[in-house]
Amino acid sequence: MRTRFPIAICFVFGIFTLLQYFSKHPTLTAMYAEILDWMQIVFVFTLLVGVISIFKIHSAKISRQERDWPYSILTILGIVVMAVLGFGYGTEYGSPFLWIFQNIQVPMQSTMFALIAFFVASAAYRGFRFRNKEAAVLLITAIIVMLGRVPLGHQISDLIPQTAQWIIDNPSTAAKRGILIGIGLGSITTALRVILGIERSYLGGRS
Amino acid sequence: MDLSRLDRRIIFLIIAIVVIVPMLFDVTPEVQITKDTEQIFDAIDSLKTGDYLMVSFDFEAASFPEMRPLASVILNHSFEKDLKIIGLALFSEGTAIGYTLLEQIAREYDKVYGVDYVYLGFRPQYVSAILGMGESIIKVFPEDYLKQPLEKYPDFLELENYENLPLLVSVADGSLPIHWADYANARYGQRVAVACAAVMVTAFKPYFESGQLIGPAAGVKGAAEYEKLLGYEGAAHRRLFTQSVVHLAIIILVIVANVSAYVWRKK
Amino acid sequence: MKGFKVISILCLIVFFVPLMAYSQIEDAELSDTPIFDISRLPVFIATLLAIIIFFMATYLVKARAETKIRKVAGLNAVDEAIGRATEMGRPVLFTPGWGGDIQRPTTIAALNILNLVAEKTAEYNCDLIFPTHDPVIMSAAEETIQNAYINAGHPDQFKPDNIYYTTSSQFGYAAAVDGAITRVEPATVMLLGTFEGEALILAETANSVGAMQIAGTDSTIQLAFFLVACDYTLIGEELFAASGYLSGDEKIVSSIKAQDYMKIIIIAMLVAGGILATFNLDFLSEWIL
């Protein structure tokens, strides 16, 4: 029952979703819209699972006074404060919830995002080496595209942005298409395995 | 000294310097307009006064500094053309950001909420939201961001689903435009234009080439090109100088690492 | 009796959906719209073809004694990576990236690999840490890892606290996983799944603590970062082939075979399309699109 029931649900809804794509009949369309609504409702409940997990893990850390446990207090406080402010005063423009979001969350997240610039530099410094012919192609291509994507490239020579655009439009896109087709086919077969109940890893078991 | 094994913290310091110092100078480099940016500009420019335009703020707080100039040029252009804008967000973090930006720019053009623009807010599960709007927008968003029923805005009642929507713009920092292409374009034939983070351009390229997506205006450079098309030099233009210097610095660092590695191998 | 219960509950759900849907379309023109949308005929044919090929490949793989899959360097390194972690007395960290949810085939492929990795970590008595951004993935991973530890005969070594939800926010997740990598200094980091902007941050942080990295993703843009920053990278469909390659499971191997057959058809269509387009004959592409 524990595995058969989800597999049966998956089969019925999987086949229905697949078949309804080929029809514009109002009954099927309305049924599909109904299923989409259910998906959103189910998703909201799954968030609860996440919140419970956070509470469980961090409260255990606090009670056992594990390494860095004061940070666990901060995590739980963060969730509680934001939830209280959100439910108590709303999340509209001018609310305390939004103030915290815009003045704490946005700068913190932007800082994390900005790390990419530093890591791109360190990864490029370490990885772009003239070791063999293939690596040389990678290195030269990277330099042309980097120059071509900023006005500096155009100031040096019009040929640089033109070559950069050619690289993006042709070899890069061709390779990406090849990879995308492979990914698409992989997705099709995985989806078929899931619908037919062959693939059960999403239920926590081996196929 | 083997510079090819330079401590990463020194590299970080160099990058910090080359980001901060150029910001102190007011230099606006000359921008060349690319065909990609021209495509999204033309797609919006070809809309008639009073046409609907859906703008989806598909980005998170983290990428706001890069996405803001892009979202701004799109909204400036749309308000200039007197289009009716429907804003929404498919990432929770983009919700408040999108609303604030829309409000700010609408104020500059004396636009009225509910008449010239509405903001639908956020819906979780973007795939089902995109598909759901293809059937009925009001079913996915029965209320707007301000908790008002959509029936309250008669100017937007004609917009039932994608059928009455000539263009949708996804302002995205990640791969959401692919979902717009896969579900809104492939399934409902919705025209989707993209303004995206610079790093995402190559990921979307096959979709642009096949006509499933329109554009893109990409990153700060794309925003600067759009500003030029609109006839002004704004925030994006000022940031381009910094970007040029950082790109140059990384190229120099890579060359230094390679030369140093070669010399040490010889030794 | 069990089967009867399943069917009864299923019937309730299956009949409930049309009932709910029907209540909303009282005024709709039910009779005028045809059941089959003819404009989607090409997609229908392609879908049918994919299903036939899938079953045909399953039959062929069953009929033959052995089906070979070419060597994938990143997967050969899995044993070495776990062995290394065991020798160093440090954990293995596995994360499926921020870009996917449980519906995404990449996540399912990642969970398949996780199952095999967990069996090995259980065998070697090595800790396995699994942070994720999605509560559903967390639950599925928890069950996967627990079952793997039971299958390996070491249920006592399973640590549920090591499988945890961080946050649904992209860079919040990146910060949480970065923090975990910096604190526990895993010997091996496996970045397998759908990654977006956080890819390079995680890969570079793992590199900074000296971890061996095996990465694989379907996000073409992040592949470039992984190729530069990681020791081994699985490119696109290699991720889907990975679970079949590692487990040798006949059913997964047959779906890999099916992919190959479909690829041959696509290549043939590309060549045909290219030739037709050269001679300005657009009837095939017009019919498909």
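None of these values were measured; they are calculated from a predicted model.

> Could you give an account of the overall build of chain C, with specific residues and numbers?
The helix and strand tally for chain C stands at 11 helices and six strands. The proportion of buried residues among the 289 residues of chain C is 49%.

> I'd like to hear about the pairing of strand S5 (residues 192-196) of chain B, residue by residue, with values.
Residue and element names in this part refer to chain B. Here S5 lies mainly inside the structure; five of its five residues are buried. Of the two faces of S5, the one lined by Val-192, Val-194 and Cys-196 and the one lined by Ala-193 and Ala-195 are each fully buried. Crossover strand S4 (residues 167-172) to S5 through helix H7 (residues 176-188) is right-handed. Here S5 pairs with strand S6 (residues 214-218) via three bridges, running parallel.

> I'd like a rundown of the domain arrangement of chain C, residues and numbers included.
Partitioning chain C into structural domains gives domain 1 (39-68 + 257-289) and domain 2 (73-247). Placing the centre of domain 1 of chain C and that of domain 2 of chain C at their C-alpha centroids yields a distance of 33 Å.

> Which residues make up the sheet that holds strand S5 (residues 212-217) of chain C, and what are the values?
Residues and elements named next belong to chain C. An order of S3-S2-S1-S4-S5-S6 is seen for the six strands of this open sheet, with the pairing classed as parallel. Each having just a single partner strand, strand S3 (163-165) and strand S6 (232-235) make up the two edges of the open sheet. On average, each strand axis in the sheet is inclined to that of its neighbour by 15 degrees, with strand direction left out of account. Each of strand S1 (92-95), strand S2 (128-132) and S3 touches helix H6 (residues 170-184); the most contacted strand, S1, lies at about 170 degrees to it.

> How would you sum up the domain arrangement of chain B? Please name residues and give values.
Note on interface size: it is often stated as the accessible area lost on association of the parts. In terms of domain boundaries, chain B breaks down into domain 1 (1-28 + 241-267) and domain 2 (33-232). Its C-alpha centre places domain 1 of chain B at a distance of 37 Å from the equivalent point of domain 2 of chain B.

> Describe in detail the interface of chain A and chain B, supporting the description with residues and values.
Contacts between chain A and chain B engage 52 residues on the former and 62 residues on the latter. Between chain A and chain B, the buried area comes to about 5,100 Å², and carbon and sulfur atoms account for 66% of it. At the surface where chain A touches chain B, the tally comes to three salt bridges. Its salt-bridge partner being Asp169(A), residue Lys35(B) comes within 3.4 Å of it at the nearest N-O pair. Joining chain A to chain B, the criterion identifies 14 residue pairs in polar contact (both at pLDDT 80 or more). Mapped by element, the contributors of at least two residues to the side of chain A that touches chain B are helix H2 (26-64), helix H4 (96-127), helix H5 (133-148), helix H6 (151-156) and helix H7 (159-195) of chain A.

> So what's going on with helix H1 (residues 8-23) of chain B? Residues and values would help.
Its 16 residues place the ends of H1(B) 23 Å apart at the C-alpha level, agreeing with the 22 Å of an ideal helix rising 1.5 Å per residue. Where H1(B) is concerned, the buried positions are Ile11(B), Phe12(B), Ile15(B), Val18(B) and Pro22(B). Seen from one end, H1(B) has its buried residues packed into an arc of 130 degrees, which puts them on one side. In H1(B), those exposed residues whose orientation departs by more than 90 degrees from the buried face are Arg9(B), Leu13(B), Ile20(B) and Met23(B). Buried-residue contacts for H1(B) involve H4 of chain A together with helix H10 (235-266) of chain B.

> Residues and numbers for the sheet that holds S5(B), please.
Residue and element names in this part refer to chain B. Taken together, the six strands give an open sheet; going across it, the order is S3-S2-S1-S4-S5-S6, and neighbouring strands pair in parallel fashion. Edge positions in the open sheet fall to strand S3 (117-122) and S6, since each of these has one partner strand only. In this sheet, neighbouring strand axes are inclined to one another by 15 degrees on average, regardless of whether the strands run parallel or antiparallel. Across five bridges, S4 lies against S5 in parallel orientation. Its bridge partner being in S5, Leu-168 is matched across the sheet by Val-192. Docked against the sheet, helix H4 (residues 92-108) engages strand S1 (52-58), strand S2 (84-89) and S3, running at close to 165 degrees with respect to S3.

> Account for the interface of chain C and chain A, with residues named and values stated.
At the interface, 88 residues of chain C touch 71 residues of chain A. For the pair chain C and chain A, the summed buried area comes to about 6,900 Å², and 72% of that belongs to carbon and sulfur atoms. Contact with chain A buries area across many residues of chain C, yet Arg40(C), Phe171(C) and Val228(C) alone supply 8% of it, more than any other trio. Linking chain C with chain A are three salt bridges, by the criterion used here. Here Asp37(C) makes a salt bridge to Lys24(A), at a shortest N to O gap of 3.7 Å. For the pair chain C and chain A, the interface holds 13 residue pairs in polar contact (both at pLDDT 80 or more). Here the side of chain C that touches chain A gets 13 residues from one element, more than from any other, and that element is helix H1 (residues 2-22) of chain C. For the side of chain C that touches chain A, the per-class residue count stands at 51 nonpolar, 21 polar and 16 charged.

> Tell me what's going on with the packing of aromatic side chains, and back it up with residues and numbers.
Residues and elements named next belong to chain B. Taken as a whole and assessed by the stated rule, the structure comprises 27 aromatic pairs over all chains. Taken together, a centroid distance of 6.3 Å and an interplanar angle of 75 degrees make the contact between Phe-57 and Phe-59 edge-to-face. For the pair Phe-57 and Phe-59, one class covers both residues: buried. Where Tyr-119 meets Tyr-145, the ring centres are 5.4 Å apart and the plane angle is 85 degrees; that geometry is what we call edge-to-face.

The rules behind each value
Residues numbered from 1 in each chain as written. Chains lettered and ligands numbered in written order. Predicted model: local features only at pLDDT ≥ 70, side-chain atom pairs only at ≥ 80, totals over all residues. Heavy atoms only, no water. Helix = DSSP H or I, 4+ residues; strand = E, 2+ residues; numbered from the N terminus. Buried < 20%, exposed > 50% of the residue type's maximum accessible area, 1.4 Å probe, protein only. Right-handed = clockwise from strand over helix to strand, strands pointing away. Pairing = 2+ DSSP bridges. Domains from an automatic or database assignment. Axes fitted to C-alpha atoms, helices over the stretch in contact; angles between N-to-C directions. Contact = heavy atoms within 4.5 Å. Buried area = accessible area lost by both parts, 1.4 Å probe. Salt bridge = Lys/Arg side-chain N within 4 Å of Asp/Glu carboxyl O. Polar contact = N/O pair within 3.5 Å; in protein donor to acceptor, adjacent residues only side chain to side chain. Expected span 1.5 Å × (residues − 1). Arc of directions from axis to C-beta. Nonpolar A, V, L, I, M, F, W, Y, C, P; charged D, E, K, R; others polar. Phe/Tyr/Trp six-rings, centres within 6.5 Å; stacked < 30°, edge-to-face > 60°.

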